[in-house]
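These are the residues of each chain, in order.
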Amino acid sequence: MRPWLVGIIVLGSAVAGTLTNLILYRVTQPPDAIVAVLGVLWIAMPFLAASMLAVLLRRNTTSLVVLMIALLVVGAVGVSLMNASVTQQEIAQIQAQNAVLPGEDPDHGPGGMRKSGADLGVAIGGAFQILLAVILPPVQLAAVVIPTGVGYGISAWLRSRQRVSDNREDEG
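My aim in this report is to walk through the structure given alongside it, one point at a time. (Residues numbered from 1 in each chain as written. Predicted model: local features only at pLDDT ≥ 70, side-chain atom pairs only at ≥ 80, totals over all residues. Heavy atoms only, no water.)

## Thoughts on the nonpolar core
Threshold: To form a nonpolar core, buried Ala, Val, Leu, Ile, Met, Phe, Trp, Tyr and Cys residues must be joined to one another through side-chain atoms within 4.5 Å. For every residue, the accessible area obtained with a 1.4 Å probe (protein chains only) is divided by the maximum for its type, and the residue is called buried under 20%, exposed over 50%, and partly exposed between those limits. Between two residues, a contact is recorded if the distance between any of their heavy atoms is within 4.5 Å.
Grouped together as the largest cluster of nonpolar side chains are 14 residues, with contacts concentrated most on Ile-9, Ala-54, Leu-64, Leu-67 and Val-144. Filtering out sequence-adjacent residues up to four positions away, Leu-67 remains in contact with Ile-9, Ala-50, Leu-53, Ala-54, Val-144 and Thr-148. With 10 residues, the next largest nonpolar core counts Ile-23, Val-86, Leu-132 and Ala-133 among its residues.

## Concerning the pattern of salt bridges
Rule in force here: Put simply, a salt bridge is a Lys or Arg side-chain nitrogen that is within 4 Å of an Asp or Glu carboxyl oxygen. Working definition: helices are DSSP H or I runs of at least four residues, strands are E runs of at least two. Numbering for both runs from the N terminus.
Per the stated rule, a full pass over the model turns up two salt bridges. Glu-90 is paired through a salt bridge with Arg-26; the nearest N and O atoms lie 3.2 Å apart. Linking Glu-90 in helix H3 (residues 61-97) with Arg-26 in the loop between helix H1 (3-24) and helix H2 (33-56), this pair joins segments that are 64 residues apart in sequence. What makes Glu-90 partly exposed here is its relative accessible area of 27%.

## Brief notes about a nonpolar patch on the surface
We count it as follows: Within this analysis, patches are made of residues with over 30% relative accessible area and no salt bridge. Like charges are joined at 9 Å or less; nonpolar side chains (Val, Leu, Ile, Met, Phe, Trp, Tyr) at 5 Å or less. Accessibility throughout is a Shrake-Rupley quantity obtained with a 1.4 Å probe, and a residue counts as covered only by protein chains that appear here.
A cluster of nonpolar side chains, Ile-34, Val-37, Leu-38, Leu-41, Leu-48 and Met-52, forms an exposed patch at the surface whose accessible area comes to about 600 Å². Following the sequence through the fold, Leu-38 ends up in helix H2. On the basis of relative accessible area, Leu-38 is assigned to the exposed category, the value being 54%.

Now the structure itself:
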């Protein structure tokens, strides 16, 4: 058993899940507490799964190492993508607020054109952010579970081959 490795995975999962949720909720406000809790659990799903896998596979060092590497990659990519999306959304919202100059009509002329373009940028950014929040967690979950499962399977197969080899030596 490698308790330090399990601890690193659980701590890394907690940090990545917390960062991702904090980044996401910089620009979005959930309508109520239940939606907020469900959103946090959805976004943190791959990291919760990684923590559970670490506890379940605590006796298999190979699987823990594969899990740690997968978690490092998934966490870095997920936090980076979410941060970039949220930052672009914040920029689009600022541009929409500043699109119409003082004295311009927001519905006609150059002010209206800039305002409609900026509003479209906010809408597209919001749609992309929703799409990212819906698609990213299941992809991250698969990117954590599949390599860990393959690592566990290969490790178990090699252990069984070793046992067969050891039994043959004992018989002979």
